[in-house]
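Breakdown of the fold
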Amino acid sequence: MNEKIWLQETSDRIKEKMHKVAERNQHKIPYTTVDGIYDDLSEKAICWWTNGFWGGIMWQLYYATKDELYKKIAEETELKLDENLMTSGGLDHDNGFKWLPTAVANYQITGNKQSFNRGILAADNLAGRFNLAGRFIRAWNDNGEDSKAGWAIIDCMMNLPLLYWAYGQAKDPRYLHIARAHADTAMEHFIREDGSVKHIVEFDPVTGAYIQDFGGQGYGQGSSWTRGQAWALYGFILSYLHTKEEKYLACASKVADYFISKIPETGLIPVDFRQPEDCSLEDSTAAAIAACGLLELEKVAKEEKKNSYREAAIQMLQALTKNRCNWSLECDNIVEKCTAAFHDDKHEFAIIYGDYYFIEAIWKLTGQELFIW
């Protein structure tokens, strides 16, 4: 199909479907679907790391359509997240995922001062997780098991834009220094020579020394968890866009080249590029996130690489559109076959950030995107 026609049709289908979905789920904060109906984390898990993406979808739709329904839902989601903002144990390295698509997006569009305040508070908390000795932002909090004070994860590259935003607003270089220090540490210790990516690295929290890495949500130690690859790809190009440091662009390109070399002919992405050959598990979120990163990389890459980055993004997005999108107006999710972690009991289900990044990627290609990162 002609690319322009495909994009227009896909954009129209998103708008038609999401208006119905928003109307019937406007008081929820969804994570997944049960029999095609969104669940609601508002009451049972308000601190869950994905809770900003529903608001992000609403702001992206509002920005594209100016339909007040989406604005209303996004603002309600932001208010609900105040409970998380006042729960110290529920604040972690994922503050960017929660408050960039909600409070910061709101401030960008409306200038709401309370939203600005929420964004700065979230950034201050994120900055407070910085380990000076190891030059990394601590990932998770302890939950009664062994201490995770020295753990950092590749996902955090996507949360650094909250610090870049705070620096731009407050002109306080502390935010910038912390973001760049973490990016430098991630570049040194998470990115392998071939461009594949580690998920979790443990440092000595007192001395900052590297101890070991873990397979995390991928197949195992030494494997190549595809969503981690996507977080790194998109995260490093975002650090380049915010700092203009060429080393981040080079790192994003290295990860992108590896990712592209592993895309199957189908364009459908496995959970781990190094999972056993007899395993067919997919993660559609990795495809959507990577596509977003590739489309940003295309804008700043050397001329000879631009086409390869765009073509890979288009390949994955068209594969999702044709094979992994549910366009029924009665089903709440769009993207199917998403997987949170290789060794979880549940695989290939709907996850809210799959829809968010799919919409964001299509909006990038159609010129409708609110850039929140």
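A brief report on the enclosed structure follows. These numbers were taken from a predicted model, which means no experiment stands behind them. (Residues numbered from 1 in each chain as written. Predicted model: local features only at pLDDT ≥ 70, side-chain atom pairs only at ≥ 80, totals over all residues. Heavy atoms only, no water.)

Right, let's get into the packing of aromatic side chains. One pass over the structure, following the stated rule, counts 32 aromatic pairs. When the ring of W140 is compared with that of W151, the centres are 6.2 Å apart and the planes differ by 65 degrees; the resulting orientation is edge-to-face. Pair noted here: W140 is in the loop between β4 (136-137) and β5 (151-153) and W151 is in strand β5, with a separation of 11 residues, a long-range link. An aromatic cluster of at least three residues, connected via ring pairs, comprises W49, F53, F97, W231, Y234, Y353, Y356, Y357 and W373. The ring centre of W151 lies 5.2 Å from the NZ or CZ of K148, which sits over that ring. Residue placement shows K244 over the ring face of Y240; its charged tip is 5.4 Å from the ring centre. (Phe/Tyr/Trp six-rings, centres within 6.5 Å; stacked < 30°, edge-to-face > 60°. Helix = DSSP H or I, 4+ residues; strand = E, 2+ residues; numbered from the N terminus. Lys NZ or Arg CZ within 6 Å of the ring centre and 35° of its normal.)

For helix α3 (residues 68-80), spanning 13 residues, the distance from its first C-alpha to its last is 19 Å, which sits close to the expected 18 Å at 1.5 Å a residue. Each element contacted by the buried residues of α3 is listed here: α1 (3-24), α2 (53-65), α4 (82-85), α5 (95-110) and α6 (113-127). (Expected span 1.5 Å × (residues − 1). Contact = heavy atoms within 4.5 Å.)

Taken in spatial order, the 3 strands line up as β5-β6-β7 in an open sheet, and their pairing is antiparallel. At either end of the open sheet lies a strand with only one pairing partner, and these are β5 and β7 (210-214). Strand-to-strand, the axes of this sheet are offset by a mean angle of 25 degrees, without reference to chain direction. Sheet analysis places β5 next to strand β6 (residues 200-203), joined by 3 bridges and oriented antiparallel. Bridging across to β6, I153 finds its partner in I200. (Pairing = 2+ DSSP bridges. Axes fitted to C-alpha atoms, helices over the stretch in contact; angles between N-to-C directions.)

Here we come to the packing of helix α11 (residues 284-300) against helix α12 (residues 303-323). In the contact formed by α11 and α12, the axes pass within 8 Å of each other and the chain directions differ by 155 degrees. With respect to their mutual orientation, α11 and α12 come out roughly antiparallel. The handedness of the crossing between α11 and α12 is left-handed. Contact residues: S284, A287, A288, A290, A291, L294, L295, L297, E298, K299 and V300 in α11; K306, Y309, R310, A312, A313, M316, L317 and L320 in α12. Broken down by class, the residue content of the contact of α11 with α12 amounts to 14 nonpolar, 1 polar and 4 charged. (Parallel < 35°, antiparallel > 145°, perpendicular 65-115°, else oblique. Left-handed = near helix turned anticlockwise from the far one by under 90°. Nonpolar A, V, L, I, M, F, W, Y, C, P; charged D, E, K, R; others polar.)

Another point: the pairing of β6. When a strand is regular, its side chains alternate between the sheet's two faces. Burial along β6 is two-sided: the face carrying I200 and E202 and the face carrying V201 and F203 are both buried. As paired elements, β6 and β7 share 4 bridges and run antiparallel to each other. When the bridges of β7 are listed, E202 appears paired with Q212. (Buried < 20%, exposed > 50% of the residue type's maximum accessible area, 1.4 Å probe, protein only.)

With that settled, the discussion passes to the side chain of D39. Examined against the element boundaries, D39 turns out to sit in the loop between β2 (37-38) and α2. Although D39 lies buried, it forms no salt bridge, and the closest oppositely charged side chain, K44, sits 4.4 Å away as judged by the N-O distance. A distance of 2.8 Å separates the side chain of D39 from the backbone nitrogen of Y31, its partner in a polar contact. (Lys, Arg positive; Asp, Glu negative; His and termini not counted. Salt bridge = Lys/Arg side-chain N within 4 Å of Asp/Glu carboxyl O. Polar contact = N/O pair within 3.5 Å; in protein donor to acceptor, adjacent residues only side chain to side chain.)

Here the focus is the layout of surface pockets. Taken as a whole, the largest pocket encloses approximately 530 Å³ of empty space. Forming the walls of the largest pocket are 23 residues, and the residues nearest its centre are W48, W49, D92, D94 and W140. As a volume, the second largest pocket reaches approximately 210 Å³. The wall of the second largest pocket is formed by 14 residues, among which P264, P270, D272, Q275 and C279 lie closest to the centre. Across the lining of the second largest pocket, the residue classes break down as 8 nonpolar, 2 polar and 4 charged. (1 Å grid on protein atoms, 1.4 Å probe; cavity = no way out; pocket = protein on both sides within 12 Å on 5 of 7 lines; lining within 4 Å. Points joined across faces, edges and corners; volume = space filled by probe spheres on them.)

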